[in-house]
Amino acid sequence: MALLTPLLAFLYHLPQVYKWLLKPYYIASLFMSGAFLLIRKTPGICEHLSTQREDGNSCDFDWREVEILMFLSAIVMMKNRRAITVEQHVGNIILFSKVANVILFFRLDIRLGLLYLTLCIVFLMICKPPLYMGPEYIKYFNDKTIDEELEKDHRVTWIVEFFANWSPECQSFASVYADLSLKYNCAGLKFGKVDIGRYSEVSKKYRVSTSPLSKQLPSLVLFQGGKEVMRRPQVDKKGRAVSWTFTEENIIREFNLNELYQKFKKLGKTKGEKSERPNESVFSPVPEEEEPETETISAMDTESKKDK
């Protein structure tokens, strides 16, 4: 059962995985991840490589290379236990595969190791993972508009994500945050994002560190009445983020999204009813039953005057 669940999840997301893998970034990443495997198994090249196998077969892995690959598999499995999206699973596999390739190439030949490491650095500087381009109800802020929008209407509750484009965690979380905005966005509950990797003044003002060591990216902050109410992940006294998993279930529970959405949905209905009532009173005709009432009242007045 433990193996069946991830297999079914993978098959469910298989069409989406194909779309990602067909992008140039992932094609190049997968090629670099399997570079050592290709060189070790390609006829005409593997015969010229050194090996520590007893049989002298340089086209097969030796015991040390198998040990490194097994250790890599264990690390990937541990990291993927906390992954929340398929992108994170694929990203972890690519990342640690490149690390293993660096070790294997340096062990095989220091020249090949330096060449592969240089290619990884150039690839990291030139190629960026594709950004999420799906549907969303999210407003993007800059260093000038974020304060204006939060203070514009205190009746509106904002959930703002502080992110950086270079952070893999933020890129993986983009689809989850977009899905939440599609489900819970309404007149009184809105979603926003600000790139603090680009606007450093915003990161200082709202105390969100952009350092990879702080592990504060991404950060979700709930604003009510223009003031911060809560944030995840929380930050301890030393300025380090408390470990927290950005799953959709955790965000819905911690930020009470179901309660907030129902609350503002009811408020929207009551506001709509109140706005309709004055129009009805202005444009509704006077009921005909009021005329005999006025006649009876005037008749009673005349009778009372006659009696006097």
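Please refer to the structure placed before this passage.
Notes on the structure follow. (Residues numbered from 1 in each chain as written. Predicted model: local features only at pLDDT ≥ 70, side-chain atom pairs only at ≥ 80, totals over all residues. Heavy atoms only, no water.)

**Regarding the sheet that holds strand β4 (residues 219-224)**
Overall, mixed pairing links the five strands, which are arranged β1-β3-β2-β4-β5 in an open sheet. Because the sheet does not close on itself, it has two edges, and the strands there are β1 (138-141) and β5 (227-232). Ignoring strand direction, the axes of neighbouring strands in this sheet form an average angle of 30°. In the sheet, strand β2 (residues 157-163) pairs with strand β3 (residues 189-195) via seven bridges, with the strands oriented parallel. Its bridge partner lying in β3, W158 is registered against K190. (Pairing = 2+ DSSP bridges. Helix = DSSP H or I, 4+ residues; strand = E, 2+ residues; numbered from the N terminus. Axes fitted to C-alpha atoms, helices over the stretch in contact; angles between N-to-C directions.)

**Brief notes about the pattern of salt bridges**
One pass over the structure, following the stated rule, counts 17 salt bridges. When the shortest N-O distance is used, the salt bridge between K139 and E149 registers 3.0 Å. Residue K139 is found in strand β1, and its partner E149 is found in helix α8 (residues 145-152); the two are separated by 10 residues along the sequence. Residue K139 is classed as partly exposed on the basis of its relative accessible area, which comes to 38%. Linking R231 and E228 is a salt bridge whose minimum nitrogen-to-oxygen distance equals 2.9 Å. According to the relative accessible area criterion, E228 is partly exposed, its value standing at 33%. Each of the salt bridges in this network shares a partner with another, and the network as a whole consists of R40, D62, E65 and R107. (Salt bridge = Lys/Arg side-chain N within 4 Å of Asp/Glu carboxyl O. Buried < 20%, exposed > 50% of the residue type's maximum accessible area, 1.4 Å probe, protein only.)

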